[in-house]
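Descriptive analysis of the structure
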Amino acid sequence: METRQTLIVLDFGGQYNQLIARRVREHNVYCELLPYTTPTAKLLEKKPIGIIFTGGPSNTYDESAPKVEKELIKSGVPILGICYGCQLIADLEGGVVGQGAREYGRQKLNVSSSLLFDGVKKESLCWMSHTNYVEKLPDGFVVTATTPTCPVAAMENTARGLYGVQFHPEVMHTEEGEKILRNFLYNVCGAKGDWTMGNFASRTISALKEKIGDKKVLCALSGGVDSAVAATLVHKACPNLICVYVDHGLMRKNETEEIVRVFRDEQGMNLIAVDAGERFLKKLKGVTEPEKKRKIIGAEFIKVFEEEAKKIGAVDYLVQGTIYPDVIESGLGAGAKIKSHHNVGGLPDVVDFKEIVEPLRDLFKDEVRACGFEIGLPSSIVMRQPFPGPGLGIRIIGEVTAEKVGILQEADWIFREEIAKAGLDKEIWQYFAVLTNVQTVGVMGDERTYDRVCGIRAVTSVDGMTADWARIPYDVLEIISSRIVNEVKGINRVAYDITSKPPATIEWE
């Protein structure tokens, strides 16, 4: 099997580091985000076609500043330094890094001839975020870009394959940033563009076949995109995969039926679907505190899964949907160990298995979705919105009952249906209904009602860390409100949540 090319993004603590890695992947080049403390020998063992030094909050002239061994700079591997990374190259090569050239936000960038700026407009806007700057170039370097207040906005030593940019090409505010990164990857590093989801899927399936063979594999299938894609890759590789789906009775309308149809009927998986709705509702009876509801649902889920796992007996492998951000956020190199119990809520403790299989641990979320399409999963699964593990249990304010679950399922279905009809389902990151424990007076058919308020929530976001409320057109909101009030018995008022995150969270509980 042909070895894929690898680029290394060396992390110096900057805020855009994951974004740099994602941008590289978008250009069909595989990259790994590694800490700057990674020994040079270990980095070079990976035979990288290039290395990117990220930005960071440090000052190169401080004794405690993060640095790399000079052997890395002398290795002959092309290096691009961004912001702090640019200053670090200058410092290690004998240049001088000065203080006080504050530049924040958009700046006018002027570039000269360079492999890095091939096809880039001579004048464009770039995004700056720095206090220090390269005051004196190292020997052998030339300036290739400037801004009105930064005399060394870019520098290079082409003979050594060393390049530095003081601005941030990875952010969308840098108009020509995409071209600049692509030029480094293809013009400087000689990238072939061999990182595609088609290649990834075929290589992963082949590797899983070789590793697993006809051994027994178990997967906790939630219906979410990560577990769905991971399970499907393993299913295509080995004949003895058993998937267990636990329906806690708190799923969205028709969701359980769809999961069973897609994975058992269409994909042909050995899927055990456990209907545990009544069991969960009994455990939740009288419980109103959100965190207590979460803990009850999580603990009961593990118990149900454990019962099913005991029926199955010992397995050789347990499949987890760990993805690359999980690994990164757990400490990069230490990620595999720290995250081994993360994605299936502690299941490794209750399953008799020999090894964990994580086929998606190299992928970002958008790549997982692309892989899902590549291996034939439908859009309804691949583009499934983020959905909390406790499901509707934390979208019902107060005690959870079968009646309330039914009411919320219907209201949520109408909301999602109308968003899709309006063509907004691709624009809005997440949208759902909430059943409050507030009742208000209403009038329907000349009769007084005293029913519940339904909250609806829709947000735009990239990763869920921050979010803004979606500006749904009034006419669409009117249709949603009218349908919910008229079609869902038990609701007589609809309120639209227009709070951003922060200060609010996306979910209400």
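Up top is the structure.
So, a few notes on the structure that sits alongside this text. Along every chain, residues carry numbers that run from 1 in the direction the sequence is written. With pLDDT at 70 or above as the cut-off, local features in this predicted model cover only qualifying residues; side-chain atom pairs require 80 or more to be listed or tallied, and sums for whole chains, interfaces and linings still use all residues. Side-chain metrics rest on all non-hydrogen atoms present in the structure, leaving aside hydrogens and water.

1. Details of the pattern of salt bridges
Convention followed: Put simply, a salt bridge is a Lys or Arg side-chain nitrogen that is within 4 Å of an Asp or Glu carboxyl oxygen. Helix numbers and strand numbers start at the N terminus; a helix is a DSSP run of H or I with at least 4 residues, a strand a run of E with at least 2. Three exposure classes are used, based on accessible area relative to the maximum for each residue type with a 1.4 Å probe and protein chains only: buried under 20%, partly exposed in between, and exposed over 50%.
Evaluation of the coordinates by the stated rule reveals 29 salt bridges. Arg25 is paired through a salt bridge with Glu367; the nearest N and O atoms lie 2.6 Å apart. One end of the pair, Arg25, is in helix H1 (residues 17-26); the other, Glu367, is in helix H13 (residues 365-374), and 342 residues separate them in sequence. Here Arg25 falls in the buried class, since its relative accessible area comes to 4%. Of the charged contacts in the structure, one is a salt bridge between Lys293 and Glu509, with a shortest N-O distance of 2.9 Å.

2. Some details on the packing of helix H6 (residues 197-212) against H13
Each pair of packed helices gets described by two things: the angle between the helix axes and the distance between those axes. Selection rule: Every axis in this analysis is a line fitted to C-alpha atoms, fitted for helices over the stretch in contact. Angles between the N-to-C directions lie between 0 and 180 degrees. Orientation labels follow simple angle bins: below 35 degrees gives roughly parallel, above 145 gives roughly antiparallel, 65 to 115 gives roughly perpendicular, and whatever is left gives oblique. Residue contacts are counted whenever heavy atoms from the two residues lie within 4.5 Å of one another. The residue classification treats Ala, Val, Leu, Ile, Met, Phe, Trp, Tyr, Cys and Pro as nonpolar and Asp, Glu, Lys and Arg as charged. All others, Gly included, are polar.
Between H6 and H13, the least distance of the axes is 9 Å, while the angle of their chain directions is 75°. By the angle between their directions, the pair H6 and H13 is classed as roughly perpendicular. The residues of H13 that touch H6, namely those facing Met197, Gly198, Phe200 and Ala201, are Glu367, Ala370, Cys371 and Glu374. For the contact of H6 with H13, the residue count by class is 5 nonpolar, 1 polar and 2 charged.

3. So, the environment of Arg395
Among the structural elements, Arg395 can be located in the loop between helix H14 (379-382) and helix H15 (402-421). Judged by its relative accessible area of 1%, Arg395 falls in the buried class. The spacing of Arg395 and Val434 is 39 residues in sequence and 4.9 Å in space, taken between C-alpha atoms. Here Arg395 is in contact with Pro386, Phe387, Pro388, Leu408, Gln430, Phe432, Ala433, Val434, Leu435 and Glu507, once residues within four sequence places are set aside.

4. Some points on the pairing of strand E4 (residues 79-82)
Operational definition: Strand pairing is assigned whenever DSSP detects at least two bridges linking the two strands.
Side chains of E4 alternate between two faces, with Ile79 and Gly81 and Leu80 and Ile82 buried alike. In the sheet, strand E3 (residues 50-53) pairs with E4 via 3 bridges, with the strands oriented parallel. Paired with Phe53 across the bridge in E4 is Gly81. Examined bridge by bridge, E4 and strand E11 (residues 162-165) share 4 bridges and lie parallel to one another. Residue pairing in the sheet places Ile79 in a bridge with Leu162 of E11.

5. Overview of the nonpolar core
As a rule of thumb, soluble globular proteins bury nonpolar side chains together. The criterion, for reference: Working definition of a nonpolar core: buried Ala, Val, Leu, Ile, Met, Phe, Trp, Tyr and Cys residues. They are joined through side-chain atoms within 4.5 Å.
Membership of the largest hydrophobic core comes to 89 residues, with the highest contact counts inside it found for Leu233, Phe263 and Ile472. Looking at this core, the element that brings in the most residues is helix H7 (residues 225-237), giving 8 residues. Setting aside residues no more than four positions away along its own chain, Phe263 makes contact with Leu221, Ala228, Thr232, Gly268, Met269, Leu271, Leu377 and Ile381. Among the nonpolar cores identified, the runner-up in size contains 38 residues, and Ala153, Leu181, Tyr324 and Val327 belong to it.

6. Description of the packing of aromatic side chains
Applicable threshold: The criterion for an aromatic pair is that two Phe, Tyr or Trp rings (for Trp, the six-membered ring) have centres within 6.5 Å, with stacked assigned to planes under 30 degrees apart, edge-to-face to planes over 60 apart and tilted to the rest. The rule is short: NZ of Lys or CZ of Arg within 6 Å of the ring centre and within 35 degrees of the ring normal puts a charge over the ring.
Evaluation of the coordinates by the stated rule reveals 9 aromatic pairs. The interplanar angle of 15° and the centroid separation of 5.4 Å between the aromatic rings of Phe12 and Tyr36 together place this pair among those described as stacked. With Phe12 in the loop between strand E1 (7-11) and H1 and Tyr36 in the loop between strand E2 (31-35) and helix H2 (40-45), this pair connects stretches of sequence that are 24 residues apart. Judged by centre distance (5.5 Å) and plane angle (65°), the ring pair of Phe12 and Phe53 falls under edge-to-face. One end of the pair, Phe12, is in the loop between E1 and H1; the other, Phe53, is in strand E3, with 41 residues separating them in the sequence. Here the aromatic cluster, defined as three or more aromatic residues joined through ring pairs, consists of Phe12, Tyr36, Phe53 and Tyr84. A cation over an aromatic ring shows up here: Arg4 above the ring of Tyr30, its NZ or CZ 3.7 Å from the ring centre. The ring of Phe387 has Arg252 lying over it, and the distance from NZ or CZ to the ring centre is 4.1 Å.

7. Observations concerning the state of the cysteines
Threshold: We call a pair of cysteine sulfur atoms a disulfide when they lie within 2.5 Å.
On inspection of all chains with the given rule, the structure shows 0 disulfides. Cysteine Cys150 is unpaired, with the sulfur of Cys86 as its nearest cysteine sulfur at 8.0 Å. With no disulfide of its own, Cys371 has Cys219 as its nearest cysteine by sulfur position, at a separation of 14 Å. Residue classification places Cys371 among the buried residues on the basis of a relative accessible area of 0%.

8. Side note on H15
Structurally, the α-helix is built with 3.6 residues per turn, so residues lying three or four positions apart point the same way. The cut-off we apply is this: A helix is expected to span 1.5 Å multiplied by its residue count minus one.
Over its 20 residues, H15 runs 29 Å from end to end, which matches the ideal 28 Å to within 8%, given 1.5 Å per residue. Along H15, the positions that sit buried rather than exposed are Lys404, Val405, Ile407, Leu408, Ala411, Asp412, Ile414, Phe415, Arg416, Glu418 and Ile419. The elements touched by buried residues of H15 are strand E17 (430-444), strand E18 (447-460), helix H16 (474-487) and strand E20 (491-496). Looking at the residues trailing H15, positive phi occurs at Gly423, about 75°.

9. A word on the sheet that holds strand E13 (residues 241-247)
Strand order in the open sheet formed by 5 strands is E14-E13-E12-E15-E16, and the pairing between neighbours is parallel. Looking at strand neighbours, the two that pair on one side only are strand E14 (270-275) and strand E16 (355-357), the edges of this open sheet. The sheet shows a mean angle of 25° between the axes of neighbouring strands, taken without regard to direction. Across the sheet, H6 is in contact with strand E12 (217-220), strand E15 (317-319) and E16; its angle to E16 comes to roughly 165°. This element, helix H8 (residues 255-266), spans E13 and E14 of the sheet and lies at about 165° to E14.

10. Some remarks on the environment of Leu44
Examined against the element boundaries, Leu44 turns out to sit in helix H2. Each C-alpha atom of the pair Leu44 and Gly423 lies 48 Å from the other, and the pair is 379 residues apart in sequence. For Leu44, the residues in contact, after removing those within four places along its chain, are Leu72, Ser75 and Val77.

11. Looking at the side chain of Gln267
Along the polypeptide, Gln267 turns up in the loop between H8 and E14. Contact partners of Gln267, with chain neighbours within four places excluded, come to Thr232, His235, Lys236, Val262, Gly376 and Leu377.

12. A word on the packing of H7 against H13
So the rule is basically this: If you view the pair so one helix is near and one far, a crossing is left-handed when the near helix is turned anticlockwise from the far one by less than a right angle, and right-handed when it is turned clockwise.
Direction vectors running N to C along H7 and H13 enclose 45°, while the axes themselves pass 10 Å from each other. One way to sum up the angle between H7 and H13 is to call them oblique. The interaxial crossing formed by H7 with H13 has left-handed handedness. Where H7 approaches H13, its residues Val225, Asp226, Val229 and Leu233 are matched on the opposing element by Lys365, Val368, Arg369, Cys371 and Gly372. When grouped by side-chain class, the residues that make up the contact of H7 with H13 number 5 nonpolar, 1 polar and 3 charged.

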